[in-house]
Amino acid sequence: MTPAQVAQAAAMFGIGGVELVVAGAVVVAAILVLRFARPGQWVRVDEVHHVAVEPTALEIPLARLLSDLPSTELHAGGPATWTLSVRRAQPWTLVPAVLLFRLGLLFLLFREHAAVLAVLRSAPGGSEVHLLGTTRVAVRTTLQRALAELPAAAATRPDATTTS
């Protein structure tokens, strides 16, 4: 639509340009209020988990655990170091995309991104997994549960030298 067509359509409904701008600003303000009124989706993580398994036996199960987490991407950062990324579109971006159609499509480009660094180190009596960064609450909970079960997974891991 050209600006003249927008003005003509607005005049049909008795709406001027100022009213359109004010309505758009109200919609954006309402979306921002709703967006920041929901605390607890993202959490800062700085935890050390102790596992009673040697790091060499734990590295492959830990990498597999991290790669199997839903809605995350795993990137190797070096020996026994991984970065777990969460990138997602926000559901609220659909409202301005529909209400402010052409200009509102820019809202669909908004994505949130967070990353957690996981470092596996040797420790007395086994290993420790240090998690540092920001992630979603659900990912943190899944990680904590899986790390608690990790010694059993590492113990049942088939030896790399065994052939079947």
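Further up the page is the structure itself.
Quick caveat: nothing in here was measured; it's all calculated off a predicted structure.

Residues and numbers for the overall build of the protein chain, please.
Within the protein chain one finds six helices and five strands. Its helices and strands taken in sequence order, the protein chain reads α-α-β-α-β-β-α-α-β-β-α from the N to the C terminus. Across the 164 residues of the protein chain, 32% fall into the buried class. Taking all contacts inside the protein chain whose residues are at least 6 apart in sequence as the whole, residues at least 24 apart take part in 64%.

Quick rundown of the pattern of salt bridges? Include the residues and the values.
Enumeration over the complete set of coordinates arrives at two salt bridges. Here Glu47 makes a salt bridge to Arg140, at a shortest N to O gap of 2.7 Å. Pair noted here: Glu47 is in strand E1 (residues 42-51) and Arg140 is in helix H6 (residues 137-155), with a separation of 93 residues, a long-range link. Judged by relative accessible area, Arg140 falls into the partly exposed class, the value being 28%. A salt bridge links Arg121 to Glu128, with the nearest nitrogen and oxygen atoms 3.5 Å apart. Judged by its relative accessible area of 34%, Arg121 is partly exposed.

Quick rundown of the packing of aromatic side chains? Include the residues and the values.
Applying the stated rule across the entire model yields zero aromatic pairs. In this arrangement the basic side chain of Arg136 is found over the ring face of Trp42, its NZ or CZ atom lying 5.5 Å from the centre.

Conventions used here
Residues numbered from 1 in each chain as written. Predicted model: local features only at pLDDT ≥ 70, side-chain atom pairs only at ≥ 80, totals over all residues. Heavy atoms only, no water. Helix = DSSP H or I, 4+ residues; strand = E, 2+ residues; numbered from the N terminus. Buried < 20%, exposed > 50% of the residue type's maximum accessible area, 1.4 Å probe, protein only. Contact = heavy atoms within 4.5 Å. Salt bridge = Lys/Arg side-chain N within 4 Å of Asp/Glu carboxyl O. Phe/Tyr/Trp six-rings, centres within 6.5 Å; stacked < 30°, edge-to-face > 60°. Lys NZ or Arg CZ within 6 Å of the ring centre and 35° of its normal.

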